[in-house]
Amino acid sequence: MSQPKPVDFLIECRACGVENTFNSHAPGSPAICNQCRETLIADELNESHREYACKDCDFVLLMKKETPVVVGETSCRCGSLKLILREPSLIVEQWSLFALDDELEEDLEEIDWMRSGPSPVADPDAYNDLFDQDAGQS
C-alpha cells in the first residue's frame, strides 16, 4: 500500500477550541494542539468534527460540528468558496491506517511540553553568579 500524500489542514482542537494549522502533515505523524497539547487526530474525530476540503487548493478544514461552516459561503484560506463536505473524514481514515504505535503515544503523553529537561549545572550554588556579573568588568 502506498503512503498517502501529505496534507495541509486546519483543525479545531476538541479540548480547548484553538485552531491549529499543519502544513505537509503526513498520516501517522503526531498532530498535537499548540495550546493544550491534546492529540488532535484520533479515530473518534468523526464523532465531533466535520471535514471540509477546498476544490481549488486541497486545503482541509476539520471543524467541530457546532462550528458554523456553510458550503458555498465559508471561504478557504486561499479565498475560494468551493468547500466540499467529506464524510467520513479522509484524514481520519488515512491516520488510522498509519496510526502511531501505542508505545510512541505513551511517550508523547509523558512529555512535559511546558519546559525542557533539566540542564546540568556544574555548581548549583554559583548559578546566580552568572547574572550578578557586570559585563563591563573583567
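This text follows the structure it describes.
Residues numbered from 1 in each chain as written. Predicted model: local features only at pLDDT ≥ 70, side-chain atom pairs only at ≥ 80, totals over all residues. Heavy atoms only, no water.

A. Main features of the pattern of salt bridges. The final tally for this structure, using the stated rule, is five salt bridges. Note that Glu51 and Arg86 form a salt bridge whose closest N and O atoms lie 2.5 Å from each other. Here Glu51, found in strand S3 (residues 49-54), pairs with Arg86, found in strand S5 (residues 83-86); they are 35 residues apart in sequence, far enough to count as distant. The salt bridge involving Asp56 is made with Lys82; its shortest N-O contact spans 3.8 Å. Here the residue Asp56 occupies a position in the loop between S3 and strand S4 (60-64), and Lys82 occupies one in the loop between S4 and S5, the gap between them amounting to 26 residues. (Salt bridge = Lys/Arg side-chain N within 4 Å of Asp/Glu carboxyl O. Helix = DSSP H or I, 4+ residues; strand = E, 2+ residues; numbered from the N terminus.)

B. Just the environment of Ser89, in detail. You can see Ser89 is positioned in the loop between S5 and helix H2 (90-97). When the C-alpha atoms of Ser89 and Leu45 are compared, they prove to be 8.4 Å apart, with 44 residues separating the residues in sequence. Contact partners of Ser89, with chain neighbours within four places excluded, come to Asn46, Glu51 and Leu62. (Contact = heavy atoms within 4.5 Å.)

C. View of the sheet that holds S3. Within the open sheet, the five strands sit side by side as S2-S1-S4-S3-S5. Their pairing is mixed. The two strands at the open ends of the sheet, each matched to only one other strand, are strand S2 (19-25) and S5. Sheet twist, expressed as the mean angle between neighbouring strand axes with direction ignored, is 25 degrees. The pairing of S3 with S5 spans four bridges and is antiparallel. Across the sheet, the residue bridging to Glu51 is Arg86, located in S5. (Pairing = 2+ DSSP bridges. Axes fitted to C-alpha atoms, helices over the stretch in contact; angles between N-to-C directions.)

D. Structural context of the side chain of His25. With respect to the helices, strands and loops of the structure, His25 is situated in strand S2. Every residue in contact with His25, bar those within four places of it in the chain, is listed here: Pro6, Val7, Phe9, Pro30, Ala31 and Ile41.

E. Focus on the environment of Asn20. Summarising the element assignment, Asn20 is placed in strand S2. Here Asn20 falls in the buried class, since its relative accessible area comes to 0%. Taking the C-alpha atoms as reference points, Asn20 and Ile32, separated by twelve residues in sequence, lie 8.6 Å from one another. With residues near it in sequence (within four places) discarded, Asn20 still touches Phe9, Leu10, Ile11, Cys13, Ile32, Cys33, Asn34 and Leu40. Separated by 3.1 Å, the side chain of Asn20 and the backbone oxygen of Val18 make a polar contact. (Buried < 20%, exposed > 50% of the residue type's maximum accessible area, 1.4 Å probe, protein only. Polar contact = N/O pair within 3.5 Å; in protein donor to acceptor, adjacent residues only side chain to side chain.)

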